[in-house]
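# Structural features, examined
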Amino acid sequence: MAQLVFLDFDLSIEIDGDGYRARVLDSPAGQASTRFQFPVDDWALESFLVSLGTVRQRARRVESKEMFAAKQLGARLYNAVLSGDVRTCWQRCLDEARRRDCGLRIRLRLSAVPELAELPWEFLYDSAANQFLALSNRTPLVRYVDLPQSILPLAIKPPLRVLVMISNPTDWDELDVEQERSKLEHALKHLTQGGLVILEFLQDATLESLQHRLRQNTFHLFHFIGHGGFDENHRDGLLVLCDENGRGRRVTSQRLGTILTDHSSLRLVILNACEGARSAREDHFTGVAQTLMQKGIPAVIAMQYDVSDHVAIAFSQEFYAALVDGYPVDAAVSEARKTVYGQGNDVAWGIPVLYMRAPNGRIFDFDAQAAVPLRPRHLRKLSIAFVCLFALLLGCIALTATGKIPDGLSVAGMPISAAFTSPTPTATLTPTFTATATHTPTALPTTTFTATATATDTESPTATRVSPTPTFSPTITLTPSQTVPPSETPTATPSPTATRTFTPTRRPNTRTPTPTFTPTFPPGVYLTALSLDPPDPLRNQQVHFRAKLLNTTGAPQPYRIRFQLYDAETRKRYTDTALHDRTLSVGENVIIAAPWTYDSALMGCILFYLQLEYQTNAARIPFRDAAGNIVARDFAVCAPER
């Protein structure tokens, strides 16, 4: 296989006044820049995340709702950053890459705008070409991190040594450890049997055991399977390992990175845990993946949202295979994305995120002389070929013993008589084959072949040998095994909106109310009131947010709850209060309260709107009233009068 070569399209995003600027730092077509506003409103993002959580694993004959939402979101991102001069530069680079028959790597730099890092850039979608960029190994997308340390590929000979840690603490949701292990072993079976990959499992999922194992052996890749999350209060990503008693121990990204950083052969970390790629909006280097990069790991693959076992295993299997085949890590990720997509999953392929700081995408240099393992279907073909050749040789030996070898036949250009008998030919046999095919058009066609072979001795014209006439009567029965499902009619995704209670403010509210979309919270839990005290706060004055929730489900309902503030003009998230775990009792108006202060030297007023939201693994979702409408409260914060 020819080595994949890539050109680089370095795209940096930075703040520009009250908006953003996308700047092409380096590319085959030079530099360019364009200005844009926040590309996706929070309603569209939340709607997409909700649809992501309801993905069903099935093949579709028409475009699914999830795919429709992914294309809409991806097109917004694409049209925001790849517009104007940047769009022209991008198209010229694509033309140049095609001319050179190579790929074009998008190196997206988001360190200066951590609030944009939470957007799913992996769904960048070119609607004109009907193509998700990250779904092609010709246009892989990398979240590139600029750091002072230089990265060189590690020259190794297979096997690729992988250390796998499966953390299953007793006081957390139980994982099926044996199933996880067997799935991973099965996924990489043809690689391990071929001696290209060695899997080592760390039975004791403690930080100390990890440190000891790394000291005792050499590993190229660390694969973690377990629980993860983001600590809102401490603004730090974490993984859940075990303590000496088997209970969960929250290990921050800083502590994990300190253990891994001294293992110089470690080139790649795969985090199969929730929110491994999430960071704080104000600091890009607070997530697990980003911190590991900062600690010196050349590449990290983490999940933006929840991912199913089926998707994770399919992704891992194809990623490892492509990596061993010599693909750069970003192209190997694209190959794995295509596998997930090809299995009928419309959006889960975009959940993995690749952070990388290797300039050319190569973190390993594999020995070109390493053998590639034969897959089972190749072995079967070779076995059949050897059996046929062996049978032919036995037949020739038998004919040699009886002296009845046709002298005109040969093996590998050598007459059989020369290979197995003394060279005393006295006649030349010229085989003549006549084939007659008869076809009877019936519902199930049957074809009969009659073959007659005659050989004429040139010295004895009367000598004729007639070979038996084989008759082939293949019968094929076709039984339909699937019923083609009826075509579905694509349904337009309604635009999310909110129903608000408006309070007179010292600044007129010119915002256009937004439409309503289908409720996503569990039925029977309603937001009955949302208020703030004082209703018209001043700068540097503490405000108390309050909300009432009514639970009529008949059972206590656990939630992770926060108040979320949005900028009323840009509809961007402005800030939020601390996240609280609350269990809502049955039949009570539960009061939720939290303080907030706007500390600013502004003159005049600024308009906000307030929501009460609950956190899931994949999204922040607003509470609703009994009619299914989002309840929000507009208010203004003004400077004190002088």
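Residues numbered from 1 in each chain as written. Predicted model: local features only at pLDDT ≥ 70, side-chain atom pairs only at ≥ 80, totals over all residues. Heavy atoms only, no water.

### What about the side chain of T577?
Mapped onto the elements of the fold, T577 is located in the loop between β29 (573-576) and β30 (580-584). Note on T577: relative accessible area 9%, which makes it buried. Within polar-contact distance, the side chain of T577 engages the backbone nitrogen of F563 at 3.0 Å. If sequence neighbours within four positions are ignored, T577 has contacts with F545, R562, F563, A594 and P595. (Helix = DSSP H or I, 4+ residues; strand = E, 2+ residues; numbered from the N terminus. Buried < 20%, exposed > 50% of the residue type's maximum accessible area, 1.4 Å probe, protein only. Polar contact = N/O pair within 3.5 Å; in protein donor to acceptor, adjacent residues only side chain to side chain. Contact = heavy atoms within 4.5 Å.)

### So, the nonpolar core
Counting residues in hydrophobic clusters, the biggest one holds 92 residues, and the most contacted among them are F9, I13, W121, L268 and F319. Excluding its chain neighbours within four sequence positions, the residues that come into contact with W121 are I13, P39, L77, V81, L108, L110, L116, L141 and R143. Of all hydrophobic cores here, the second largest spans 31 residues; its members include L210, L214, F219 and I297. (Core = buried A, V, L, I, M, F, W, Y, C linked by side-chain atoms within 4.5 Å.)

### Examining the confidence of the model for the protein chain
Chain-level pLDDT for the protein chain is 74 on average; 65% of the residues reach the 70-or-more range. Note that residues 407-414 has pLDDT below 50 and, in this model, 13 contacts with residues that lie over four places away or in other chains. Under a pLDDT of 50 for its full length, residues 416-522 has, in the predicted model, 173 contacts with residues more than four places off or in other chains. (pLDDT = per-residue confidence, 0-100.)

### Details of the pairing of strand β11 (residues 221-225)
Across the 5 residues that make up β11, a large majority, 5, are buried. Side chains of β11 alternate between two faces, with L221, H223 and I225 and F222 and F224 buried alike. Note: strand β9 (residues 160-166) against β11, 5 bridges, orientation parallel. Bridge pairing links M165 to F224 in β11. (Pairing = 2+ DSSP bridges.)

### Focus: the packing of helix α4 (residues 177-187) against helix α9 (residues 309-324)
Helix-helix packing: each pair is described by the crossing angle between the helix axes and the interaxial distance. Two elements in contact, α4 and α9, have axes separated by 9 Å at closest approach and are oriented at 30 degrees. Two packed elements cross with a definite hand, and for α4 against α9 that hand is right-handed. Along the contact surface, α4 presents E180, K183, L184 and A187, while α9 presents D309, I313, S316 and Q317. (Axes fitted to C-alpha atoms, helices over the stretch in contact; angles between N-to-C directions. Left-handed = near helix turned anticlockwise from the far one by under 90°.)

### Some thoughts on the sheet that holds strand β31 (residues 589-597)
Pairing in this open sheet of 3 strands is antiparallel, and the strands run β26-β27-β31 from one edge to the other. Looking at strand neighbours, the two that pair on one side only are β26 (525-533) and β31, the edges of this open sheet. Each strand of the sheet is rotated relative to its neighbour by a mean of 20 degrees, with strand direction disregarded. For β26 and strand β27 (residues 542-551), the ladder comprises 8 bridges, and the chain directions are antiparallel. Counterpart to L530 in the pairing with β27 is A547.

### Thoughts on the sheet that holds strand β3 (residues 32-36)
Judged by pairing direction, the sheet is mixed, and its 11 strands sit side by side in the order β3-β2-β1-β4-β7-β17-β16-β15-β11-β9-β10 without closing on themselves. Where the open sheet ends on each side, the last strands, each with one partner, are β3 and β10 (197-202). Adjacent strand axes in the sheet meet at a mean angle of 25 degrees, parallel and antiparallel pairs treated alike. Of the strand pairs in this sheet, β11 and strand β15 (residues 268-272) are connected by 5 bridges, and their pairing is parallel. Its bridge partner being in β15, F224 is matched across the sheet by L271. Across the sheet, α9 is in contact with β9, β10, β11, β15, β16 (299-303) and β17 (352-356); its angle to β15 comes to roughly 170 degrees.

### A look at the pattern of salt bridges
This structure, assessed with the given rule, holds 23 salt bridges. One salt bridge in this structure joins R21 and D16, with 3.0 Å as the shortest N-O distance. With relative accessibility at 21%, the residue R21 sits in the partly exposed group. What emerges from the salt-bridge pattern is a single network uniting D8, D10, R105, R107, R109 and D330. (Salt bridge = Lys/Arg side-chain N within 4 Å of Asp/Glu carboxyl O.)

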